[in-house]
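Structural features, examined
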Amino acid sequence: MVDVSNDSQSVETLRWRDGRLEMIDQRVLPARFEYLPYSSASEVAEGIRSMVVRGAPAIGCAAAYGVALESLALRQASREAFVAGMEKGFEVLAASRPTAVNLFWALKRMREVWEANKQGTVDEIVDRLLAEAHEVSAEDVRINRAMGAYGAALLPDGARVLTHCNAGALATAGHGTALGVFRSAVEAGKRISVIADETRPFLQGARLTAWEMVQEKIPVTLITDNMAGHLMSRGEIDAVVVGTDRVAANGDVANKIGTYMVAVLAQRHGIPFYVACPLSTIDLAIPDGTAIPIEERSADEVTGFRECQWAAEGVQIRNPAFDVTPAELVTALITEKGVVTQPNRENIAALFAS
Ligand SMILES: CSC[C@H]1O[C@H](OP(=O)(O)O)[C@H](O)[C@@H]1O
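Quick caveat: nothing in here was measured; it's all calculated off a predicted structure.

On to the packing of helix α3 (residues 79-94) against helix α5 (residues 122-152). Any two packed helices are characterised by the angle at which their axes cross and by the distance between the axes. For the pair α3 and α5, interaxial distance at closest approach is 12 Å and the crossing angle is 20°. Overall, the two elements α3 and α5 adopt an arrangement that is roughly parallel. Read as a crossing pair, α3 and α5 show a hand that is left-handed. Contacts between α3 and α5 pair Arg 79, Phe 82 and Met 86 from the former with Val 122, Ile 125 and Leu 129 from the latter. Taken together, the residues of the contact of α3 with α5 break down into five nonpolar, no polar and one charged.

Printed below as a string of structure tokens:
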């Protein structure tokens, strides 16, 4: 049992140690808890692509550090090689995964710092980029706590809340988005219990959400993905809270594959379906969910898990990693600026204007 049950924060998904980034290897949790070291943009990009780190906000934080690491790695290069290397670093990070908009939000933010400082000395550039990367992560935790407080107010004492995938501390720089709502509810004295979908094929629910909740002694029950409807029909689920990877301007929500099914079932049973959504995950440039790029991952994530392969040889495989829940199925978006009920183009735009 790893001791993460301290008062100040949940598990530290990413950390800066001795001039390099370290990230928890989420591919091997809960069997092993270990940090892997990163010293360049390309290494971080591979960590994002292979899901050492995953979850929209965590991906954004990792990418921000990837840019800062690249400037450190190029410190001794000629000015021309430094600039060329930095551009390559932005490019390789942007190509790591397509759906989570936080990746592109973070890279845009780091590029603004790069453009504003690239006439300065290399040391000045490195310092400014690293300071911004630290701020992206520190801000993420503050945002998650603000969002958590708004979300906690929506949950009645004793609520049994279903979540899908992992939108926890492991998907962020800390506290979590959907799981941040649960943490904030518990901090507010509410006796909520969590029902976690295992979330095939990468099993973020069984491996990550269950682990986070057990570590912090928040009651959690694991179910397979095909059980949610049955529990809802038996009145055993009071609310659903999930995270998101990208929300379109009209409120359509991209999230882990299987979320759409949960949303349809929730509507069928009159159960509120909430999406914990930092503003950094809303993409106003995308008009609706049909324009959100859906990542298709490798077949071997479906055919088995590590050494254990169960699918018939030669079978065709699909592995879309996300799906889109139409805005009309979303009861409310929970953001750091408040709760947006029945999200639509107008009230989302108003969020940014407020
Ligand atoms: C708080 S964002 C978490 C979000 O990211 C997950 O996807 P992945 O594990 O593939 O990065 C999933 O969609 C979660 O809801």
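Back to the write-up after that little detour.
Moving on: the environment of Asn 117. In this fold, Asn 117 is placed in helix α4 (residues 101-117). Each C-alpha atom, one on Asn 117 and one on Gly 19, is 21 Å from the other, the two residues being 98 residues apart in sequence. For Asn 117, the residues in contact, after removing those within four places along its chain, are Ile 125 and Arg 128.

Read from one edge of the open sheet, seven strands run β6-β5-β4-β7-β10-β15-β16, paired in mixed fashion. At either end of the open sheet lies a strand with only one pairing partner, and these are β6 (220-223) and β16 (338-341). For this sheet, the mean angle separating the axes of adjacent strands, direction not counted, is 25°. As paired strands, strand β10 (residues 273-276) and strand β15 (residues 332-335) are joined by three bridges and run parallel to one another. Bridge assignment links Tyr 274 to a residue of β15, and that residue is Ala 332. Against the sheet, α5 touches β10, β15 and β16, its axis set at about 140° to β15.

The next thing to look at is the environment of Ser 39. Turning to its location among the elements, Ser 39 is positioned in the loop between β3 (35-38) and α1 (41-49). Overall, Ser 39 belongs to the partly exposed group, its relative accessible area being 38%. Taking the C-alpha atoms as reference points, Ser 39 and Ala 291, 252 residues apart in sequence, are found 34 Å from one another. The residues contacting Ser 39, other than those within four sequence positions of it, are Arg 20, Leu 69 and Ala 73.

This part covers the site of the ligand. Residues in close proximity to the ligand total 18 residues, the closest being Gly 55, Arg 97, Asp 245, Asn 255 and Lys 256. One nitrogen or oxygen atom from the side chain of Gln 204 is found 2.9 Å from an oxygen atom belonging to the ligand. Contact between the ligand and Asn 255: an oxygen atom at 2.5 Å from a side-chain N or O atom of the residue. Protein coverage of the free-state accessible area of the ligand, which is 400 Å², stands at 99%. Cavity membership is defined here by more than half of the atoms lying within 2 Å of grid points; on that basis the ligand lies in the largest cavity. Contributing elements (two or more residues each) for the shell around the ligand: α2 (56-73) and β9 (253-256).

With four bridges connecting them, strand β5 (residues 193-197) and β6 associate as parallel partners. Within the sheet, the bridge partner assigned to Val 194 lies in β6 and is Val 220.

Here we take up the sheet that holds strand β8 (residues 246-248). With respect to topology, four strands assemble into an open sheet ordered β11-β8-β9-β14, the strand pairing being mixed. For this open sheet the edge positions go to β11 (282-283) and β14 (322-325), each flanked by a neighbour on one side alone. Two elements, β9 and β14, share four bridges in a ladder whose sense is antiparallel. The residue bridging Val 253 from the neighbouring strand is Thr 325, located in β14. Along the sheet face, helix α9 (residues 259-268) touches β9 and β14 and points at about 30° away from the line of β14.

Enumeration over the complete set of coordinates arrives at four aromatic pairs. A ring pair is formed by Trp 16 and Tyr 65, whose centres lie 5.6 Å apart and whose planes are at 15°; its orientation type is stacked. One end of the pair, Trp 16, is in strand β1 (residues 14-17); the other, Tyr 65, is in helix α2, with 49 residues separating them in the sequence. Look at Phe 33 and Tyr 35: their rings are 5.7 Å apart centre to centre, the planes differ by 90°, and that puts the pair in the edge-to-face class. With a relative accessible area of 30%, Phe 33 lands in the partly exposed category. Connected via pairs of aromatic rings, a cluster forms that spans Phe 33, Tyr 35 and Trp 211. One cation-aromatic arrangement involves Arg 15 over Tyr 35; the distance from NZ or CZ to the ring centre is 3.6 Å. One residue, Arg 111, lies across the ring of Phe 90, its end atom 4.3 Å from the ring centre.

Calculation notes
- Residues numbered from 1 in each chain as written.
- Predicted model: local features only at pLDDT ≥ 70, side-chain atom pairs only at ≥ 80, totals over all residues.
- Heavy atoms only, no water.
- Axes fitted to C-alpha atoms, helices over the stretch in contact; angles between N-to-C directions.
- Helix = DSSP H or I, 4+ residues; strand = E, 2+ residues; numbered from the N terminus.
- Parallel < 35°, antiparallel > 145°, perpendicular 65-115°, else oblique.
- Left-handed = near helix turned anticlockwise from the far one by under 90°.
- Contact = heavy atoms within 4.5 Å.
- Nonpolar A, V, L, I, M, F, W, Y, C, P; charged D, E, K, R; others polar.
- Pairing = 2+ DSSP bridges.
- Buried < 20%, exposed > 50% of the residue type's maximum accessible area, 1.4 Å probe, protein only.
- Near = heavy atom within 4 Å.
- Polar contact = N/O pair within 3.5 Å; in protein donor to acceptor, adjacent residues only side chain to side chain.
- Areas by Shrake-Rupley, 256 points an atom, 1.4 Å probe, with all protein chains shown as cover.
- 1 Å grid on protein atoms, 1.4 Å probe; cavity = no way out; pocket = protein on both sides within 12 Å on 5 of 7 lines; lining within 4 Å.
- Sits in = over half its atoms within 2 Å of the grid points.
- Phe/Tyr/Trp six-rings, centres within 6.5 Å; stacked < 30°, edge-to-face > 60°.
- Lys NZ or Arg CZ within 6 Å of the ring centre and 35° of its normal.

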